[in-house]
Amino acid sequence: MKLVFEGDGSFFLPPNQLSTFEHNGKKLHCNVDLLIEDYKGKNADWVNVSEIFNSNSTVNSEYAMKTDVSNPIIVVRFDDGTYETLDGNHRLYRAAHEEQSQIKAHILNESELNKYIMD
């Protein structure tokens, strides 16, 4: 892993896992390593797969079908009611394709997500 140098002379060590997605026309970069660490060992809620699965998401389907869906995923529920999967896209894909009705998930609200945004 390499240090990233900013134009102002500052630098940082980027996370191993970075989730990049767009919401309301703005590209967001989320530190997934920190998210996973913060939610490790916490109780997760059961959520309906059909509510959060995006059939347009692209994942390695062969790998996805080998993942352990008993591990909770991490999603954000935006104020407009939409969801974004921050960690667990492959597990969610498997759950959807095996027609599971629910999956365990840690659900952040939009303001909780701000702690993990790297912009």
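Procedures and definitions
- Residues numbered from 1 in each chain as written.
- Predicted model: local features only at pLDDT ≥ 70, side-chain atom pairs only at ≥ 80, totals over all residues.
- Heavy atoms only, no water.
- Salt bridge = Lys/Arg side-chain N within 4 Å of Asp/Glu carboxyl O.
- Buried < 20%, exposed > 50% of the residue type's maximum accessible area, 1.4 Å probe, protein only.
- Pairing = 2+ DSSP bridges.
- Helix = DSSP H or I, 4+ residues; strand = E, 2+ residues; numbered from the N terminus.
- Axes fitted to C-alpha atoms, helices over the stretch in contact; angles between N-to-C directions.
- Core = buried A, V, L, I, M, F, W, Y, C linked by side-chain atoms within 4.5 Å.
- Contact = heavy atoms within 4.5 Å.
- Phe/Tyr/Trp six-rings, centres within 6.5 Å; stacked < 30°, edge-to-face > 60°.
- Lys NZ or Arg CZ within 6 Å of the ring centre and 35° of its normal.

This part is about the pattern of salt bridges. If you walk through the whole model with that rule in mind, you get five salt bridges. A salt bridge links Lys 66 to Glu 62; its shortest N-O distance comes to 3.9 Å. When sorted by exposure, Lys 66 lands in the same class as Glu 62, which is exposed.

Let's shift gears to the sheet that holds strand β6 (residues 73–77). Backbone hydrogen bonds are what pair the strands of a sheet, in a parallel or an antiparallel way. The strand order across the open sheet built from four strands is β5-β8-β6-β7, with neighbouring strands paired in mixed fashion. Edge positions in the sheet fall to β5 (45–48) and β7 (83–87), since each has one partner strand and no second. Strand-to-strand twist in this sheet, taken as the mean axis angle between neighbours without regard to direction, amounts to 55°. With four bridges joining them, β5 and strand β8 (residues 102–109) adopt antiparallel strand pairing. If you follow Asp 45 over to β8, its bridge partner there is Ala 105.

Core analysis: the largest hydrophobic core is formed by 12 residues, namely Phe 21, Leu 28, Cys 30, Leu 35, Tyr 39, Ile 74, Val 76, Phe 78, Leu 86, Leu 108, Leu 113 and Tyr 116. What Tyr 39 contacts, discounting residues up to four positions off in sequence, is Ile 74, His 106, Leu 108 and Tyr 116.

Looking now at the pairing of β7. Where β6 meets β7, four bridges bridge the pair, whose relative direction is antiparallel. Following the sheet pairing, Arg 77 is matched in β7 by Tyr 83. Between the antiparallel neighbours β6 and β7 lie five residues, among them Gly 81 with a positive phi of about 90°.

This brings us to the packing of aromatic side chains. Tallied over the entire structure, the rule returns two aromatic pairs. Judged by centre distance (6.4 Å) and plane angle (65°), the ring pair of Phe 53 and Tyr 93 falls under edge-to-face. One end of the pair, Phe 53, is in the loop between α2 (49–52) and α3 (61–64); the other, Tyr 93, is in helix α4 (residues 89–97), with 40 residues separating them in the sequence. Owing to a relative accessible area of 15%, Tyr 93 belongs among the buried residues under this scheme. Over the face of the ring belonging to Tyr 39 we find Lys 42, whose NZ or CZ atom lies 5.0 Å from the ring centre.

What follows covers the pairing of β6. Note on strand geometry: in a regular strand, side chains alternate between the two faces of the sheet. In terms of residue burial, β6 counts as a mostly covered element, since four of its five residues are buried. Strand direction decides the pairing type here: β6 and β8, joined by five bridges, are parallel. Opposite Arg 77, over in β8, you have Asn 109 as the bridge partner.

As a further point, take α4. Listing the buried residues of α4 in full gives Arg 91, Leu 92, Tyr 93 and Ala 95. In this structure, the buried side of α4 is in contact with α2, α3, β6, β7 and β8. In the segment just after α4, Glu 99 is the residue with positive phi, at about 55°.

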